[in-house]
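Residue strings, one per chain:
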Amino acid sequence: TPVEHLLPGPVAAAYFHEEFCSLDETNESPYPPITVVAAHEGQVARATEFRKVLQKLSGEDIPMAFISKSRQHGHQKEYEPVLVGDVKGRKCIIVDDIVNTG
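These notes cover the structure that comes with them. (Residues numbered from 1 in each chain as written. Predicted model: local features only at pLDDT ≥ 70, side-chain atom pairs only at ≥ 80, totals over all residues. Heavy atoms only, no water.)

1. Digging into the packing of aromatic side chains
Selection rule: Ring pairs are drawn from Phe, Tyr and Trp, using the six-membered ring of Trp, whenever the two centres fall within 6.5 Å, and their geometry is named by plane angle: stacked under 30 degrees, edge-to-face over 60, tilted for the rest. Secondary structure is summarised from DSSP: a helix means a run of H or I of at least four residues, a strand means a run of E of at least two, and numbering begins at the N terminus for each. Exposed residues in this analysis have more than 50% of their type's maximum accessible area, buried residues have under 20%, and partly exposed residues fall in between, with area computed by a 1.4 Å probe over protein chains only.
One pass over the structure, following the stated rule, counts 4 aromatic pairs. Ring centres 6.0 Å apart and planes at 85° place the aromatic pair Phe 16 and Phe 50 in the edge-to-face group. Pair noted here: Phe 16 is in helix α1 (residues 8-23) and Phe 50 is in helix α2 (residues 44-58), with a separation of 34 residues, a long-range link. The class of Phe 50 is buried, set by a relative accessible area of 5%. Measuring from centroid to centroid gives 4.9 Å for Phe 20 and Tyr 31, while their planes differ by 55°, and the two rings are tilted. Placement of the pair is Phe 20 in helix α1 and Tyr 31 in the loop between α1 and β1 (34-38), with a sequence separation of 11 residues. Assessed through its relative accessible area of 8%, Phe 20 is described here as buried. Joined through ring pairs, the aromatic side chains of Tyr 15, Phe 16, Phe 20, Tyr 31 and Phe 50 make up one cluster.

This is the structure:
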């Protein structure tokens, strides 16, 4: 039986594109200032792909940021997250591979 691996990123990008376009009442750029944010270093590739699709759909240049979860020692459970990128005054779409809190 053939199997096709479906990725949720393009579907999610299309959803956000439709949502942003439905906000537009002026026929100018429908997008508010947004930034795609990778939840951690391991999600940068997934966030980049999401961003590429959203940019293609919108024709907008969409910046990207990520949260660094570096630990001083590899065995530490606690870390100090550091945001890398500019998100001030922007709506952020956080890309991660799992949602376990709402």
